[in-house]
Amino acid sequence: MADEIDYKLIGHDLQIVEIELDPGEAVQAEAGAMVYMRQGIEMQTSTGGGIFSGFKRMLSGAGFFITHFSNNANSGKSHVAFSAPYPGSIVPIDLTQHSGEILAQKDAFLCCAQGINIDIAFTKRLSAGFFGGEGFILQRLSGDGMAFIHAGGAVHCIELDSGESLRVDSGCLAAFEKTVSYDIRFVGGFKNALFGKEGLFMAELVGPGKVYVQSLPFARLAERMATAIGTNKGQGDA
């Protein structure tokens, strides 16, 4: 059973999540995500279950190591805070409200209560694996406590009814419940294929369940920055 933790989000676009730990409680986080920790918090970095567990996390886009932060004070609450590695939003997810499991893009995990399992998940359809942008591998967060993922830009949660479908740019898909089926569809039409900037393939999700979409995936941001740098460099050379 996962530790019951309290938290608050600080900021809007470049957020921090501050987690309050009672004595004996702990949180696990992506290595390098910690911003600050107050007196009484102790940090320990490990593979979180052996070398095989570390390699599985690497396949899912996380780091080989995971860091545990424990409140080892004899009495009194203490706090530890984390931030995302790029501009966007931190999404708190209570797994008890998502049937105990959620699937996320492969580098989405930020931190979670001690007792939450962080694993890899493989897409069930070959088309999603070959053309889905993120490949076969997703992150699976399972358990009965709080987990936190990060996503680029703003995040919007869409709830799908049974049989209802939603098409999303594959890079804008941040996370979805395990009850939602996931596949990739070809964007038809000659002009769409040649001139459409949304790409040749889109993610199709079919309910029931919740889907989290992000407005500015990091790959899109990086592409725009690279284009701007290249343009400015060309002007400077001239």
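Note that the structure is predicted; figures quoted are calculated from it, not measured.

Section: the sheet that holds strand E10 (residues 109-113)
Step number 1: Pairing is antiparallel in the open sheet, where six strands are placed in the order E5-E6-E3-E10-E13-E8. Each of the sheet's edge strands pairs with one partner strand only, and the pair in question is strand E5 (41-46) and strand E8 (88-94). Direction aside, the axes of adjacent strands within the sheet are offset by 20° on average.

Here's the deal with the environment of Asn71
Step number 1: Examined against the element boundaries, Asn71 turns out to sit in strand E6 (residues 66-71).
Step number 2: The spatial distance from the C-alpha of Asn71 to the C-alpha of Arg38 is 9.4 Å, given a sequence separation of 33 residues.
Step number 3: Look past the residues within four positions of Asn71 in its chain and what remains in contact with it is Leu21, Asp22, Pro23, Gly24, Glu25, Gly40, Ile41, Gly76, Lys77 and Ser78.
Step number 4: Of the polar contacts made by the side chain of Asn71, one reaches the backbone oxygen of Leu21; its length is 2.7 Å.
Step number 5: At 3.4 Å, the side chain of Asn71 and the backbone oxygen of Asp22 are in polar contact.

So, the pattern of salt bridges
Step number 1: Counting across every chain of the model gives five salt bridges.
Step number 2: Lys8 is the salt-bridge partner of Glu18, the closest N and O atoms lying 3.8 Å from each other. Here Lys8 lies in strand E1 (residues 6-10) and Glu18 lies in strand E2 (residues 16-21), a separation of ten residues in the sequence.
Step number 3: When salt bridges that share partners are traced, they join Glu20, Asp22 and Lys77 into one network.

What about unusual backbone geometry?
Step number 1: The linkage connecting Gly207 with the following residue, Pro208, adopts the cis geometry, with an omega of 20°.
Step number 2: Note on placement: Pro208 falls in the loop between strand E18 (201-206) and strand E19 (209-214).
Step number 3: Its identity is not glycine, yet Ser99 carries a phi of approximately 60°, on the positive side.
Step number 4: Ser99 gets classed as exposed once you look at its relative accessible area, which sits at 53%.

A closer look at the confidence of the model for the protein
Low pLDDT marks regions whose predicted coordinates should not be analysed in detail.
Step number 1: When the pLDDT values of the protein are averaged, the result is 81; 76% of them are 70 or greater.
Step number 2: In this model residues 126-135 is a low-confidence stretch, pLDDT under 50, and it forms 21 contacts with partners more than four residues away in sequence or in other chains.

With respect to the sheet that holds E1
Step number 1: Spatially, four strands are ordered E1-E2-E7-E4 in an open sheet, and the strand pairing comes out antiparallel. Both edges of this open sheet fall to E1 and strand E4 (34-37), since each of them pairs with a single strand only. The average undirected angle you get between the axes of adjacent strands in this sheet is 20°.
Step number 2: As judged from the six bridges shared by E2 and strand E7 (residues 78-83), these two strands associate in the antiparallel manner. What sits directly across from Ile19, in E7, is Val80.

Here is what the cut-offs are and how they apply
- Residues numbered from 1 in each chain as written.
- Predicted model: local features only at pLDDT ≥ 70, side-chain atom pairs only at ≥ 80, totals over all residues.
- Heavy atoms only, no water.
- Pairing = 2+ DSSP bridges.
- Helix = DSSP H or I, 4+ residues; strand = E, 2+ residues; numbered from the N terminus.
- Axes fitted to C-alpha atoms, helices over the stretch in contact; angles between N-to-C directions.
- Contact = heavy atoms within 4.5 Å.
- Polar contact = N/O pair within 3.5 Å; in protein donor to acceptor, adjacent residues only side chain to side chain.
- Salt bridge = Lys/Arg side-chain N within 4 Å of Asp/Glu carboxyl O.
- Buried < 20%, exposed > 50% of the residue type's maximum accessible area, 1.4 Å probe, protein only.
- pLDDT = per-residue confidence, 0-100.

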